[in-house]
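Descriptive analysis of the structure
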Amino acid sequence: KSLNNLATLYTTMGAYEKAQPLFLRAKKILSKTLGEEHPDFAKSLNNLATLYTTMGAYEKAQPLFLRAKKILSKTLGEEHPDFAKSLNNLA
């Protein structure tokens, strides 16, 4: 969680080159520890996709947002607020 928090801070500061490796590392750790069908892994995908959107790299962001939406739909259901946020991210 602290990697994501620090990466988010860097993103807010506009230090994208510092944020990206932290988001990627967090995603890798969550993949290994929780699996790629866990809601927290989906949140890490959303975080990375949000960074890519901020950077204007929409072609990198869209597949991550779609994957996160699929995971959240499956694990939390389509009435969950986190699923709603994933729809908003795609809009």
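Cut-offs applied
Once a new chain begins, its residue numbering starts again from 1 and follows that chain's sequence as written. Residues qualify for local features only when their pLDDT is at least 70, as the model is predicted, and side-chain atom pairs are given and counted only at 80 or more; totals for whole chains, interfaces and linings, by contrast, use all residues. Water and hydrogen atoms were dropped before computing side-chain values, which therefore reflect all heavy atoms in the structure. Only the stretch in contact is used when a helix axis is fitted, and all axes are lines through C-alpha atoms; the angle between N-to-C directions ranges over 0 to 180 degrees. Comment: elements are numbered from the N terminus, with helices defined as DSSP H or I runs of at least four residues and strands as E runs of at least two. Angle categories: roughly parallel below 35 degrees, roughly antiparallel above 145, roughly perpendicular from 65 to 115, and oblique for all the rest. Each crossing is labelled by how the near helix is turned from the far one, with a counterclockwise turn of less than a right angle marking it left-handed and a clockwise turn marking it right-handed. Contact between two residues is taken to exist if any of their heavy atoms lie within 4.5 Å; hydrogens are not considered. By definition, no residue in a patch forms a salt bridge, and every one has over 30% relative accessible area; like charges are joined within 9 Å, nonpolar side chains (Val, Leu, Ile, Met, Phe, Trp, Tyr) within 5 Å. Surface accessibility follows the Shrake-Rupley procedure with a 1.4 Å probe radius. Residue values consider only the protein chains on display as shielding. Salt bridges are defined as contacts in which a side-chain nitrogen from Lys or Arg sits within 4 Å of a carboxyl oxygen from Asp or Glu. Here, expected helix span is obtained from the residue count minus one, scaled by 1.5 Å. Using a 1.4 Å probe on the protein chains alone, a residue whose accessible area is under 20% of its type maximum counts as buried, one over 50% counts as exposed, and one in between counts as partly exposed. To obtain the arc, one takes the directions from the helix axis to the C-beta atoms.

Before going further, it helps to examine the packing of helix 3 (residues 39–55) against helix 4 (residues 58–76). With their axes 8 Å apart at the nearest point, helix 3 and helix 4 run at an angle of 160° to one another. Taken together, the axes of helix 3 and helix 4 are roughly antiparallel relative to one another. Our pair here, helix 3 against helix 4, has a crossing hand that is left-handed. Contacts between helix 3 and helix 4 pair Pro39, Phe41, Ala42, Leu45, Asn46, Leu48, Ala49, Thr50, Tyr52 and Thr53 from the former with Tyr58, Lys60, Ala61, Leu64, Phe65, Arg67, Ala68, Ile71, Leu72, Thr75 and Leu76 from the latter.

A cluster of nonpolar side chains, contributed by Leu6, Leu9 and Met13, occupies part of the molecular surface with about 280 Å² of accessible area. Positionally, Leu9 belongs in helix 1 (residues 2–13).

On to helix 4. What sets the pattern is the α-helix's 3.6 residues per turn: residues three or four places apart point alike. Between the first and last C-alpha of helix 4 there are 26 Å, a value that for 19 residues agrees with the 27 Å anticipated at 1.5 Å per step. Within the span of helix 4, buried status applies to Ala61, Leu64, Phe65, Ala68, Ile71 and Leu72. For helix 4, the arc enclosing every buried residue in end-on projection is 130°, short of the 170-degree limit, so these residues lie on one face. Relative to its buried face, helix 4 has exposed residues pointing more than 90 degrees away, namely Glu59, Lys70 and Lys74. On the buried face of helix 4, the contacting elements are helix 3 and helix 5 (81–90). Two residues or fewer past helix 4, Gly77 is found with a positive phi of approximately 95°.

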